[in-house]
Every structure is written in structure tokens, then in C-alpha cells.
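# Coordinates in review
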Amino acid sequence: MSEILRLAGIVNESITDGPGLRLAVFLQGCPRRCEGCHNPSALDFDGGYDMSDAEILSMVKNNPLLSGVTLTGGEPFCQAERLMPLAKNIKEQALELAIYTGYTFEQVLGSDKMSALAELADIIIDGEFVLAERDISLKFKGSRNQRVIDVAKSLESGKTVLCTSERWI
Ligand code: SF4
């Protein structure tokens, strides 16, 4: 692997970006400006710092306690093509791959540049953050409009299928 990713940050053993202990990778840059954005410092495409996907994978491989990897941001799908090798390697480690996005799942699947990354994910949490629908009782979502999507079942059935696992909802 030799892709260079633009990051806002990276957290080893996060417990807030999905179930279990997760490596949370915060991708720098987002085209949206949601009111009440949880991570405003991650919005500027010129901000952040570079990290190679090989370094990130090394963190994954060096932590046997991880149950998954979460790509968040910022907007991960703005770096979708560069994230492909890392996502493939994460799947080869038999780790759960979750991706947060401000796009809808349907928008991502309809995009030539984004769909391949989406298809590698186990879980996608989609939709913009809507301050009026903010609900702090939600496990891993910021606002009620966002959806936790079971990607494999969605691809299999040809329609968007919500995750029903208690781990996630
Ligand atoms: S999509 Fe996420 S990162 Fe982007 S502005 Fe909205 S809340 Fe912030």
C-alpha cells in the first residue's frame, strides 16, 4: 500500500465510534457545513496532516483488541479512491469496517468514485447531521435522520436495509 491520506486525527481504541474497541480514522475535509457539526476542525480540505495507509494498517495489526475500524471525519467518501487499499486490507483482517458519511447511502452507491468503497463496508451511517433532530440517546448517531445501514443485506436485496443488531442501535 502506498496511498497518502489526509487526516484530521486518529484514535486507537475508541469506544464512541461504533461497538467494541475501534480504530477511528478521521478524514480531513468535508464539503458540507452542517449547523452544530461535531468536528468543525475537520472541514477544511487544506487542513489536517498526511498519513500513509500503511501506517494506519500497522496500527490495526498491532492491536489485537480491536473489533473494528471506523472511517469518519470530515467526509471519508471525499477520499474514497485512496481509501480502497486500506479498506481491502481491513477486511482481510476480518475486522468490521464502518463508515460515516454525510451523503445518503443511495448517493454513494450511485457514484462511480464512491460505490466501490461503500461495497467494502459492513456498516454505513449515512446522512447529514441535522441539529433539530439531534438526540443524545442515540447510540452511534448524532441525529435521528441518520441511518445505520447493513451494507451486505442492502447489496443482496437491492434496497437499503437498516441494521438491526443491538450492537449498533
Ligand atoms: S457531514 Fe459531518 S463533518 Fe461534514 S459538516 Fe456535517 S457534521 Fe460536519
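Residues numbered from 1 in each chain as written. Predicted model: local features only at pLDDT ≥ 70, side-chain atom pairs only at ≥ 80, totals over all residues. Heavy atoms only, no water.

## Points about the overall build of the protein
Looking only at helices and strands, the protein has 5 helices and 7 strands in total. For 169 residues, the compact-globule formula gives about 15 Å, and the C-alpha radius of gyration of the protein, at 15 Å, lands near that figure. Its C-alpha atoms give the protein principal-axis dimensions of about 40 × 35 × 30 Å. In the protein, buried positions account for 47% of the 169 residues. Nonlocal contacts in the protein, meaning residues at least 24 apart in sequence, comprise 64% of its contacts between residues at least 6 apart. If you sum the accessible surface of the protein, you get close to 8300 Å²; carbon and sulfur atoms cover 51% of it. Counting 17 positive and 24 negative side-chain charges, the protein places the centres of these two groups 3 Å from one another. (Helix = DSSP H or I, 4+ residues; strand = E, 2+ residues; numbered from the N terminus. Rg over C-alpha atoms; globule rule 2.2 N^0.38 Å. Buried < 20%, exposed > 50% of the residue type's maximum accessible area, 1.4 Å probe, protein only. Contact = heavy atoms within 4.5 Å. Areas by Shrake-Rupley, 256 points an atom, 1.4 Å probe, with all protein chains shown as cover. Lys, Arg positive; Asp, Glu negative; His and termini not counted. Charge placed at Lys NZ, Arg CZ, Asp CG, Glu CD.)

## A word on the site of the ligand
Taken together, Cys30, Arg32, Arg33, Cys34, Cys37, His38, Leu43, Gly74 and Phe129 make up the full set of residues near the ligand. Of the residues in the shell around the ligand, the class split is 5 nonpolar, 2 polar and 2 charged. (Near = heavy atom within 4 Å. Nonpolar A, V, L, I, M, F, W, Y, C, P; charged D, E, K, R; others polar.)

## Examining the sheet that holds strand 7 (residues 147-150)
In a beta sheet, neighbouring strands are held together by backbone hydrogen bonds and run either parallel or antiparallel to one another. Judged by pairing direction, the sheet is mixed, and its 7 strands sit side by side in the order 3-1-2-4-5-6-7 without closing on themselves. Lying at the two open borders of the sheet, with one neighbouring strand each, are strand 3 (49-52) and strand 7. Pairs of neighbouring strands in the sheet enclose a mean axial angle of 30°, with direction left out of account. Relative to strand 7, strand 6 (residues 123-126) is paired through 4 bridges, and the arrangement is antiparallel. The partner of Ile125 across the bridge, within strand 7, is Val148. Of the strands in this sheet, strand 1 (4-14), strand 2 (22-27), strand 3 and strand 4 (68-73) are in contact with helix 1 (residues 53-61), which crosses strand 3 at around 65°. Here helix 2 (residues 80-92) sits on the sheet and contacts strand 1, strand 2, strand 4 and strand 5 (96-100); the angle it forms with strand 1, its principal contact strand, is near 30°. (Pairing = 2+ DSSP bridges. Axes fitted to C-alpha atoms, helices over the stretch in contact; angles between N-to-C directions.)

## A few points about the environment of Met114
With respect to the secondary-structure elements, Met114 resides in the loop between helix 3 (105-109) and helix 4 (115-120). Along the primary structure Met114 and Pro64 are separated by 50 residues, whereas in three dimensions their C-alpha atoms are 29 Å apart. Discounting chain neighbours no more than four positions away, the residues touching Met114 are Phe77, Ala80, Tyr103 and Val108.

## Looking at the packing of aromatic side chains
Aromatic ring pairs are reported here in terms of the distance separating the ring centres and the angle at which the planes meet. Considering all chains together, one arrives at 1 aromatic pair under this definition. Residues Phe140 and Trp168 carry aromatic rings whose centres are separated by 5.4 Å and whose planes lie at 70° to one another, so their mutual orientation is edge-to-face. Of this pair, Phe140 sits in the loop between strand 6 and strand 7 while Trp168 sits in the segment after helix 5 (151-157), and the two are 28 residues apart along the sequence. Each member of the pair Phe140 and Trp168 is classed as buried. In this arrangement the basic side chain of Arg32 is found over the ring face of Tyr103, its NZ or CZ atom lying 4.3 Å from the centre. (Phe/Tyr/Trp six-rings, centres within 6.5 Å; stacked < 30°, edge-to-face > 60°. Lys NZ or Arg CZ within 6 Å of the ring centre and 35° of its normal.)

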